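# Examining the three-dimensional arrangement
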Amino acid sequence: RRDQSNSLNILTKKESLDQVRGPQRTTDEPPDLRHVVGLSLCDSAPLLWRVEDLRSVRSQGLVGALLGSLPRTPRQNGRLGRPLLLLPEEERLLSERRAAAGLPAGNRVSLSTGRVHPPGEFPWFMGLFWWCWQDGAGVELLVKQHEEEQQRSYEEQSVFALEDRKSALLRAMTSPHTDEALRGRLEALDQNFTFPRSALAVQLSTARAGLTYCPEARAFLQADWPMRGQNGHTRYQVFRDLRGRGFYLTSAGKFGGDFLVYPGDPLRFHAHFIAVCLAADEHVCVLDVLAVARLGSNVKKTVLFCSPGPGGGVLYTSLQWSGMV
Amino acid sequence: MPPPSEVFAARSRSHKIPVRGQKDFFPDDSEEQRRRLEQTLDEHWSLISEERVERLGNLVKAKWIPSEQMVELQTPAGKFWQTMGFSADGKQHLLPEEALYLMECGSLQVFYRDLPLSIQDGYEKFLSSSTVSLQQYQVFGHLKRLGYVVLRFEPSHTAEQDICTNDRIEEDKCSHGDEEDKKPPESHPTAAPGPGRTWWVTDDLGHQLDHQPVSGCSRWNFSAITFPDVGSTESSTESSSSSLLPPDPCLLPGSLAVGVCNVAPWRQRINLREVKMSSKEQRTEEDKQRHRWDINKDREVQRCRNWTEYRELLVRREGKRKGRLEHLWKREVTPLHDPTQPISTEELLEKISVTQSTDLLEGASSIKGSDEWRICFNVYQPDTVADFKKSNPGKPYSRMCVCSFDGPVPDLRAIKGLALQSGDVPVVFAVVDYGDISFYTFKDFQLPTDVYP
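For clarity, every value in this text was computed on a predicted model and none was experimentally measured.

## Some points on the sheet that holds strand β13 (residues 427–433) of chain B
Residues and elements named next belong to chain B. Ordered in space as β8-β11-β12-β13-β14, the five strands form an open sheet in which the pairing is mixed. Each of the sheet's edge strands pairs with one partner strand only, and the pair in question is β8 (149–152) and β14 (436–440). Each neighbouring strand pair of the sheet contributes to a mean axis angle of 30 degrees, computed without reference to strand direction. Relative to β13, strand β12 (residues 398–404) runs parallel, the two being bridged by six bridges. Along β13, the bridge assignment pairs V402 with A430. Lying on the sheet, helix α12 (residues 412–422) is in contact with β12 and β13; it crosses β13 at an angle near 125 degrees.

Below, the structure is given as structure tokens:
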């Protein structure tokens, strides 16, 4: 009986724009049009691998989701590292802004010269068709290049290692009686120091090599990312509108909604809203509305029902228990 | 490649993660907030841009074999070999998800055509619909990072077992069908025998002997005779559960020979899932036990010294009943309960209830497995890692099913099918929401009853 009267007293309230205004009104255009983000698909999921691309999307207020183990401490889930997975809405926003392109699939070898172009020596004017997948003679060249690089690295690291050892000995030379022995060791070190191969520090690259260390390569990335997955249009319109108001958005599956809405960068701010996207003409069951609103109040967030209107705007509605006793 | 000096220097960098401070609720355009955001972002980008740098001696070298969708080790495996990988044709292999995880941990360097693969190459080459999907790998990595042992679930094994045990059930039904209803009254193995009472005699239990008075000397110590607990989880390590050793011959009538009993079909038919009770439920249960009517507490039954006397008692009681309400039992439809028989309220309610309660496994064997839902991984708890054996991993802690918030919720048919495949190991649904993973499990819920005699 009480439940029934309770639900009868529920009023829906249109959120005034002031409340959903957001931190700052941004234009639809991204701040940095020159940077084209390189996307690559893994099992049809759009992933970003290069740090500069991650920085670029973050500067456009797109958060994404980090999926990989963090190199510094790989065996924990609290902080993750590259790659960054984009939400479908983030991917679509980038392709709409023509700010995304497909990353090429492998290392590039010049077809005509058969030669691997080191970073900085990219014949960028020739365009992407110049390059082909690593195959045939190209691979041998790449292997040779890799071996040479590793050898060079070993030689340089030997020098550093020797310097390290010497400076450690020199630091130890404080008292006069040990000096003699230490000096002897220092000379011996100079003559027969060998840097063990196993001590060679090697880097396990996160992003595929090739374009990574080559700033000019960005010029290659033509904004050619296709629009994928046109369903979920309602979600996209809501996403675009909220982002346009300066909010940061992440997915809200564990809260039973579409997006978690943050007033600023999620690294520093708590989310205020749980956005639930509904087409304007979509019927909803009152039980679902109540369930999601209850959940929202449990986690101290306001649930926003977001419906794109015909004029391109979005109507935001929240539910309030009006305490009529 | 980055300059060697940088790589060399990275060997001695910190392994600590900067602590994140308390988040703010509202942006207030203050200098303080701006500064804190900038600092947090700086830390964030320095963490994100860091590359893995390892000593060559600490790296296990391996080769990607695309035709087999497998990674073959080229140098001896590390500590990870205890919980990952397998040997075949004298070579050590890793599954693609294991190799990718180890690459991410900085323990493994995988080469393809003599060139080292980046983490990106690993994601793009190793993850596919024919191996494991990206979402499945996310779940795998998440659990591995927490320390769990995660192995692929092989559905073929359980499916085969199911088929042959079902056949055996059919056989059992044919041969023993008519003997099944002659069961002795329920007896508690721990109940101490009453003074002067012996239910079974050591020598032949022929029909004739039933009538002879029982000698008081051949009494059994019932507390020493253990009844087999077919449903026990302890005896159910996957190899030894299928058969039950024959009972001690001295407990059997002389002419009876009992061989090894295959209990696997029986285990299939009962709910083996352990009921985990809260302390409150436990008290309720103990209370219930205390109030439950026990046939052994019946004075008249206690006075019976053998089966014959017990049967005579039953006949006597039936006669009594028939004396008064005999006509009720003579029709096609008989009363659900004989009022002369003591019964607890709860049992009576159960007897007269129209809808019987059911559990997840009931009727599950008749459900065809669905393609949409399948178990991906067997998961073993981190504290078992020390004595974990790949050859005999034992019973998993749980089995993982990977799905996403975009997909449907499994229906009862799917849940029953998975529960049957999983046996008495709980099935956990790992729901992937982009970067977030939530774990859910459907549990048989026992409704509390507040009916006491």
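## Let's talk about the UniProt feature "domain: TSEN34 N-terminal" (unreviewed entry) in chain A
UniProt feature "domain: TSEN34 N-terminal" (unreviewed entry): in the numbering of this structure it lies at residues 38–101 of chain A. From the first C-alpha to the last, residues 38–101 of chain A spans 5 Å; its make-up is 28% helix and 31% strand.

## What to know about the packing of helix α2 (residues 51–59) of chain A against helix α2 (residues 31–49) of chain B
The N-to-C vectors of α2 of chain A and α2 of chain B enclose an angle of 150 degrees; their axes lie 10 Å apart at closest approach. Classified by the angle their axes make, α2 of chain A and α2 of chain B are roughly antiparallel. In terms of crossing hand, the pair formed by α2 of chain A and α2 of chain B is right-handed. Touching V51, L54, R55 and R58 of chain A of α2 of chain A are L41, H44, W45, I48 and S49 of chain B, all from α2 of chain B. Broken down by class, the residue content of the contact of α2 of chain A with α2 of chain B amounts to five nonpolar, two polar and two charged.

## Examining the confidence of the model for chain B
Residue and element names in this part refer to chain B. Confidence along chain B averages 80 in pLDDT terms, with 81% of residues attaining 70 or more. Within chain B, helix α3 (residues 96–105) carries the highest mean pLDDT (98), whereas helix α6 (residues 155–176) carries the lowest (43). Counting interchain partners and residues more than four positions distant, the pLDDT-below-50 stretch residues 159–217 has 65 contacts.

## What about the domain arrangement of chain A?
Residue and element names in this part refer to chain A. When cut into domains, chain A gives domain 1 (36–104) and domain 2 (225–324). Here domain 1 and domain 2 have C-alpha centroids that lie 22 Å from each other. Taken together, the contact pairs 20 residues of domain 1 with 20 residues of domain 2. For the pair domain 1 and domain 2, the summed buried surface comes to about 1900 Å²; carbon and sulfur atoms form 57% of the total. Connecting domain 1 to domain 2 are three salt bridges. For R240, the salt bridge goes to E96, with nearest N and O atoms at 2.5 Å. Taken together, the links from domain 1 to domain 2 amount to seven residue pairs in polar contact (both at pLDDT 80 or more). Elements that contribute at least two residues to the side of domain 1 that touches domain 2 include exactly β2 (37–42), α3 (88–96) and β6 (100–102). With seven residues, α3 is the largest single contributor of residues to the side of domain 1 that touches domain 2. The residue makeup of the side of domain 1 that touches domain 2, split by class, is nine nonpolar, five polar and six charged.

What counts as what
Residues numbered from 1 in each chain as written. Chains lettered and ligands numbered in written order. Predicted model: local features only at pLDDT ≥ 70, side-chain atom pairs only at ≥ 80, totals over all residues. Heavy atoms only, no water. Pairing = 2+ DSSP bridges. Helix = DSSP H or I, 4+ residues; strand = E, 2+ residues; numbered from the N terminus. Axes fitted to C-alpha atoms, helices over the stretch in contact; angles between N-to-C directions. Contact = heavy atoms within 4.5 Å. UniProt positions renumbered as here; feature names shortened; annotations may be inferred. Parallel < 35°, antiparallel > 145°, perpendicular 65-115°, else oblique. Left-handed = near helix turned anticlockwise from the far one by under 90°. Nonpolar A, V, L, I, M, F, W, Y, C, P; charged D, E, K, R; others polar. pLDDT = per-residue confidence, 0-100. Domains from an automatic or database assignment. Buried area = accessible area lost by both parts, 1.4 Å probe. Salt bridge = Lys/Arg side-chain N within 4 Å of Asp/Glu carboxyl O. Polar contact = N/O pair within 3.5 Å; in protein donor to acceptor, adjacent residues only side chain to side chain.

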